[in-house]
Amino acid sequence: MHIEHGVRGGRTVVSQRNGARIVTRGRGGYVQRAYVTRGGRSFYSRTYVYGGVVHVGVYQGYYWGGRSYYGWYPGFFYAPAYYGWGFHPWGVPLVWGVSAWGWGGPWWGYYGGWWNPYPVYTAPYFWLTDYLIAANLQAAYAARAEDAADSGAADSGTPDAGSTDTGAAAPASTAVSLTPEVKQAIAEEVKAQLAAQQAQAAGGATSAPAGGANAAPAQASGTPPAALDPAKRTFVVDTAVTAVSTDGQECGLTSGDVVTRLTDTPDGTDNTVNASIAASKKGDCATGATVAVKVDDLQEMYNHFQEQLTNGMAEMAKKQGTNGMPKAPDVSTKASDVPPPKADADAAKTLQDQQAEADKTEADVRAEAAAGGGL
């Protein structure tokens with residue numbers, strides 16, 4: 001069992017039990033189990049449980065540099081025309097206000113000074129960019145509220161641990177920190193991913209397996225993880241991450257922060273690469289700083305980005321043709337060669353058991369340290 005506490009609170013626990021990889025972060029997490037093997041490739045099911053909500057996904061496992069990595073694998077594809085529609089201009093600007101988005105609540109007030117949605121959308125990929133950012137900020141707010149509650153803060157809605165301001169809607173910043181340039185970098189990544197998925201859906205990136213189902217490109221062992229692809233530089237943080245600055249000081253990153261990877265070759269000892277902080281919220285790593293980030297953390301950011309993009313495409317498929325949004329072409333879906341499995345019915349209990357075991361382990365360590373005169 002590996003237990004790690006973030007620099008701003010929160011705990012991550014990772015363990016292996018009965019062939020399952022169990023990861024908890026805060027009050028949620030996932031259980032990963034072996035699923036199927038296709039063409040010599042190993043696939044795993046991941047059942048996520050957060051806030052009582054359960055969802056399942058497929059991940060491909062592979063090895064590189066003596067380490068194991070897991071890459072998100074699409075369970076289905078949209079029609080190729082829908083992806084093409086997603087990364088081409090609409091031809092007419094779309095006004096899509098907060099009411100159309102359905103945004104609101106404490107998270108919106110808290111981050112209102114840090115991020116502004118586009119006033120109009122000229123292409124679907126800009127709409128998807130704001131969808132991704134908003135989803136990450138909602139996750140960041142929920143995680144900080146949980147951390148505050150777990151640490152016994154007076155107001156569990158206070159997002160900044162250690163702050164003396166107990167107003168749940170206190171602004172994260174008095175100025176917009178997510179600059180247009182950073183948002184454009186995210187939008188370009190969205191656009192590139194849509195183009196890649198269109199090629200996959202059309203069978204241009206790989207040969208379709210027997211039966212006609214679409215297949216995503218194979219990630220072979222011995223090739224670098226997608227997080228180190230020289231063409232991929234911009235990463236949106238998906239969960240609390242600890243980075244290390246050039247002077248050796250730790251700092252925290254939270255959902256919605258943005259980093260730009262600077263180096264492609266990991267450090268042999270810590271398996272980290274250098275990254276620049278492109279955008280960060282109050283109390284997180286300083287914007288503009290150069291930090292070392294674990295390759296595993298970058299890979300999970302990449303995985304989450306792909307999954308959120310798919311979720312955003314699903315939401316846009318529901319909204320197309322309404323509130324002034326142009327009607328999309330074919331939004332039908334087709335299963336990939338490895339469709340998602342059923343959710344692990346025991347995932348919630350497995351995560352609870354791990355948390356209880358981690359609590360006991362930490363209590364035992366503290367008792368032993370006290371008996372021995374200190375840590």
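Preceding block: the structure.
Residues numbered from 1 in each chain as written. Predicted model: local features only at pLDDT ≥ 70, side-chain atom pairs only at ≥ 80, totals over all residues. Heavy atoms only, no water.

Chemist: I'd like a description of the packing of aromatic side chains, backed by residues and values.
Modeler: Per the stated rule, a full pass over the model turns up 26 aromatic pairs. Ring centres of Trp107 and Trp108 lie 5.8 Å apart, and the angle between their planes is 75°; this geometry places the pair in the edge-to-face category. On the basis of relative accessibility, which here comes to 23%, the residue Trp108 falls in the partly exposed class. Joined through ring pairs, the aromatic side chains of Trp96, Trp101, Trp103, Trp107, Trp108, Trp115, Tyr118, Tyr121, Tyr125, Phe126, Trp127 and Tyr131 make up one cluster. (Phe/Tyr/Trp six-rings, centres within 6.5 Å; stacked < 30°, edge-to-face > 60°. Buried < 20%, exposed > 50% of the residue type's maximum accessible area, 1.4 Å probe, protein only.)

Chemist: I'd love a proper account of the state of the cysteines, names of residues and values included.
Modeler: Taken as a whole and assessed by the stated rule, the structure comprises one disulfide. Sulfur-sulfur distance for the disulfide between Cys251 and Cys285 comes to 2.0 Å. The S-S bond linking Cys251 to Cys285 shows a torsion near 95°; that makes this disulfide right-handed. Taken as a pair, Cys251 in strand E11 (residues 250-253) and Cys285 in the loop between strand E13 (272-279) and strand E14 (290-294) lie far apart in primary sequence, 34 residues in all. Across the pair, exposure class does not vary: Cys251 and Cys285 are buried alike. (Disulfide = S-S within 2.5 Å. Helix = DSSP H or I, 4+ residues; strand = E, 2+ residues; numbered from the N terminus.)

Chemist: Lay out the sheet that holds strand E2 (residues 11-17) in plain terms, naming residues and giving numbers.
Modeler: Through backbone hydrogen bonds, the strands of a sheet pair up, either in parallel or in antiparallel fashion. Read from one edge of the open sheet, seven strands run E1-E2-E3-E4-E5-E6-E7, paired in antiparallel fashion. At either end of the open sheet lies a strand with only one pairing partner, and these are strand E1 (2-5) and strand E7 (67-73). The average angle at which neighbouring strand axes cross in this sheet is 25°, direction not considered. As judged from the nine bridges shared by strand E5 (residues 41-50) and strand E6 (residues 53-64), these two strands associate in the antiparallel manner. Along E6, the bridge assignment pairs Thr47 with Val56. Set on the sheet, helix H6 (residues 295-319) makes contact with E5, E6 and E7; between it and E7 the angle comes to about 10°. The strands touched by helix H7 (residues 347-371) within the sheet are E1, E2, strand E3 (20-25), strand E4 (28-38) and E5, with E2 carrying the most contacts at an inclination of about 110°. (Pairing = 2+ DSSP bridges. Axes fitted to C-alpha atoms, helices over the stretch in contact; angles between N-to-C directions. Contact = heavy atoms within 4.5 Å.)

Chemist: Could you give an account of the sheet that holds E14, naming the residues involved and the relevant values?
Modeler: Read across the sheet, six strands follow the order E9-E12-E13-E14-E10-E11 without closing on themselves; strand pairing throughout is antiparallel. At either margin of the open sheet sits one strand with a lone partner, and together these are strand E9 (234-236) and E11. The average angle at which neighbouring strand axes cross in this sheet is 45°, direction not considered. As paired elements, E9 and strand E12 (residues 258-261) share three bridges and run antiparallel to each other. From the neighbouring strand, Thr234 faces E12, where its bridge partner is Thr260. Along the sheet face, H6 touches E9, strand E10 (241-245), E12, E13 and E14 and points at about 80° away from the line of E14.

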